[in-house]
Each structure stands twice: as structure tokens, then as C-alpha cells.
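# Breakdown of the fold
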Amino acid sequence: ETGVTQTPRHLVMGMTNKKSLKCEQHLGHNAMYWYKQSAKKPLELMFVYSLEERVENNSVPSRFSPECPNSSHLFLHLHTLQPEDSALYLCASRRDRNTGELFFGEGSRLTVL
Amino acid sequence: AQKITQTQPGMFVQEKEAVTLDCTYDTSDQSYGLFWYKQPSSGEMIFLIYQGSYDEQNATEGRYSLNFQKARKSANLVISASQLGDSAMYFCAMRGNQVDRDDKIIFGKGTRLHILP
């Protein structure tokens, strides 16, 4: 139990669907991250938010749209995804954008049909 | 550019033996930090240990220690007295120390460790 909760844990969607992944942390952290984990590839940093402001967008396609309404919540809105987007999406939080280790959620396993 | 390399895709180790997981890194930053994470089959990434580049002593956390060799740019994880519960993927990671890099933490491809009874 890291204090970072992701929902749903598993999601299957068609290419034309719109869905969202949710991440919540109760650690009082100020920075939140989305990573993508595909088979046989390193974790890929997607987005970084610090104090609800997006500070990093790592060349992610626009079909992924992040939202950070407050420092405790982070969403990843999904629209018109491709089968190659199937992966484990990991949310993490950090005390500040440049301090401390990442605390990860258990991930949302996404399958795009 | 920053890079993490883990050359061992998989390892098999007998229970109670010590195991060393290799990690080399590349960075132009003078100050940086190195992390190790464990990922069991459940998917959650668990923080194990951290080493700052200016820390004079190797980091230790219980059965975990980090063999930091700055000149060789290596940060190997040593697990002493391995247990069956240590079976998992292990990731080496690094943060930079520049304005545009200190909030990025990049990861290696990982090493899958199997502990044999």
C-alpha cells in the first residue's frame, strides 16, 4: 500500500471508445506522473504535473489527454486509441518535482481491441 | 542524453544466496540520483533504495545495498540472503539535476529475478 490508488485496474476498450484512467494520492505530494509500461520496453514517461501545472509532455500523441484538477488527483483521458497503446499505465507521485522517490500505484492494465 | 542500461534480462538464483543486479548509467549532470525499484507480478512498483551522486557511502536498506562506483558509472543492487518473495522485476532508475531534468526519472529495461527454492 503506497498511498497511490489507480482505477480501473483493468480496462478493455475499442478504438472508437472514450475512457479515462484515474489516479489518487493521499500523501500530500505536489508532483504526479503518468508512465506507460509496454512489454520489453523501459518505462516511458508520459506526463509530469507539479502543483497542478503540466511541466512535462514527453511527445505523447494527442489521443492521450491528461488532467490534474488538484494535487491529489490525476486523470488520463483516452480517445481513439490504437492497439499498440495496450500497456500498463502507471501513476506515481512525488513529494516535489525534484525531491524524493516516486510512489507508484498498482497500474491500470489497458487493452485496446 | 541520460540513459540507464540493465544488461541482465533474467537471473536465476538459489534461495539464501546473495544476488547482484547490474546497472550502468550515462549522464552529463554533475549531481544526480539513482534508484532501484521492485515490481512483483501484481504490477506495483516498490521503491527499494536511493543513492545520491555526492553520497560518500554506499546506500543500504535492510537486505538491499547499492554498490555505487561513480567512476565506472555503475550502481549495482545487491540483495543479501535472497528469499522466495524477492522474485520480481527490478528496475534501475535515475534522476538528473538540471532544471529540465530533475523532475524526470528515467528507467532501465529491468531484470527479472527468479529465486529458486
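Right above here is the structure, for reference.
Sequence order as written defines residue numbering, which begins from 1 separately in each chain. The lettering of chains begins at A and the numbering of ligands begins at 1, in the order of writing. Local features in this predicted model are restricted to residues whose pLDDT is 70 or higher, and side-chain atom pairs enter the listing and the counts only when it is 80 or higher, whereas totals over whole chains, interfaces and linings include all residues. Values shown for side chains rest on all heavy atoms present in the structure; no hydrogens or waters enter the calculation.

### A look at the pattern of salt bridges
Should the charged atoms of two oppositely charged side chains come close, the side chains can pair. Residue and element names in this part refer to chain A. Salt bridge criterion: a side-chain nitrogen from Lys or Arg within 4 Å of a carboxyl oxygen from Asp or Glu. One pass over the structure, following the stated rule, counts six salt bridges over all chains. Measuring nitrogen to oxygen at the nearest pair gives 3.8 Å for the salt bridge that ties glutamate 24 to lysine 22. The exposure class of glutamate 24 is partly exposed, given its relative accessible area of 21%. Between buried and exposed lies partly exposed: a residue is buried under 20% and exposed over 50% of the maximum accessible area for its type, with that area taken using a 1.4 Å probe on protein chains only. Judged by its relative accessible area of 29%, lysine 22 is partly exposed. Residue glutamate 44 is joined to lysine 41 by a salt bridge in which the shortest nitrogen-to-oxygen separation is 3.5 Å.

### Here's the deal with the interface of chain B and chain A
Between two residues, a contact is recorded if the distance between any of their heavy atoms is within 4.5 Å. Each partner contributes to the interface: chain B provides 18 residues, whereas chain A provides 25 residues. Buried surface area refers to the total accessible area, computed with a probe of radius 1.4 Å, that the two partners give up upon joining, counted for both partners together. Approximately 1700 Å² of surface area, both sides summed, lies buried where chain B meets chain A, with 53% of it carried by carbon and sulfur atoms. For the interface between chain B and chain A, the tally reads zero salt bridges. By the criterion applied in these results, polar contacts are pairs of N or O atoms within 3.5 Å in which, for protein atoms, one can donate a hydrogen and the other can accept it, and in which residues neighboring in sequence qualify only through two side-chain atoms. Along the contact surface separating chain B from chain A lie four residue pairs in polar contact (both at pLDDT 80 or more). Those elements that provide at least two residues to the side of chain B that touches chain A are strand 5 (33-39), strand 10 (88-95) and strand 11 (105-107) of chain B. Here a helix means four or more residues in a row that DSSP labels H or I, a strand means two or more in a row labelled E, and each is numbered from the N terminus. For the side of chain B that touches chain A, the element with the highest residue contribution is strand 5 of chain B, accounting for three residues. In the side of chain B that touches chain A, the residues fall into eight nonpolar, four polar and six charged. Residue polarity follows a fixed list, in which Ala, Val, Leu, Ile, Met, Phe, Trp, Tyr, Cys and Pro are nonpolar, Asp, Glu, Lys and Arg are charged, and the others, Gly among them, are polar.

### Observations concerning the environment of serine 53 of chain B
All names here are of chain B. By secondary structure assignment, the location of serine 53 is in the loop between strand 6 (46-52) and strand 7 (60-61). Distance in space between the C-alpha atoms of serine 53 and proline 40 is 27 Å, their sequence separation being 13 residues. In this view, serine 53 contacts Gln30, Ser31, Tyr32, Phe68 and Lys70; residues no more than four positions away in its chain are not counted.

### Digging into the layout of surface pockets
The rule is simple: put a 1 Å grid over the protein atoms alone, call a set of points where a 1.4 Å probe fits but cannot get out a cavity, call an open set with protein on both sides within 12 Å along at least five of seven lines a pocket, and count a residue as lining if it has an atom within 4 Å of a point. Grid points are joined across faces, edges and corners, and a volume is the space filled by probe spheres set on the points. The volume enclosed by the largest pocket comes to roughly 560 Å³. Lining of the largest pocket is provided by 27 residues; of these, Gln37 and Ala39 of chain A together with Gln39, Met89 and Arg112 of chain B occupy positions nearest its centre. Split by residue class, the lining of the largest pocket holds seven nonpolar, 13 polar and seven charged. For the lining of the second largest pocket, the secondary structure elements donating two or more residues are strand 5 (44-50) of chain A together with strand 1 (3-5) and strand 11 of chain B. Tallied by class, residues from the lining of the second largest pocket come to nine nonpolar, one polar and four charged.

### With respect to the packing of aromatic side chains
Any Phe, Tyr or Trp ring, taking Trp's six-membered ring, that has another such ring centre within 6.5 Å forms a pair; planes under 30 degrees apart are called stacked, those over 60 apart edge-to-face, and the others tilted. Counted according to the given criterion, the structure contains 13 aromatic pairs over all chains. With 5.2 Å between their ring centres and 55° between their planes, tyrosine 25 of chain B and tyrosine 32 of chain B make a pair best called tilted. Tyrosine 25 of chain B sits in the buried class, given a relative accessible area of 5%. Classification of tyrosine 32 of chain B by relative accessible area gives buried; the value is 5%. The rings of Tyr33, Tyr35 and Phe104 of chain A together with Phe35, Tyr37, Phe47, Tyr50, Phe91 and Phe107 of chain B are connected pair by pair, giving a single aromatic cluster.

### Concerning the state of the cysteines
The rule for a disulfide is simple: a pair of cysteine sulfur atoms within 2.5 Å. In the structure shown here, the tally under the stated rule is two disulfides over all chains. Note that cysteine 23 of chain A is cross-linked by a disulfide to cysteine 91 of chain A, the S-S spacing being 1.9 Å. Every disulfide takes its handedness from the sign of the S-S torsion; for cysteine 23 of chain A and cysteine 91 of chain A that torsion is -75°, giving left-handed. Pair noted here: cysteine 23 of chain A is in strand 3 (residues 18-25) and cysteine 91 of chain A is in strand 9 (residues 87-94), with a separation of 68 residues, a long-range link. Cysteine 23 of chain A gets classed as buried once you look at its relative accessible area, which sits at 0%. Paired through a disulfide, cysteine 23 of chain B and cysteine 92 of chain B show a sulfur-sulfur distance of 2.0 Å. Classification of the bridge connecting cysteine 23 of chain B and cysteine 92 of chain B rests on its S-S torsion, roughly -65°, and on that basis the disulfide is left-handed.

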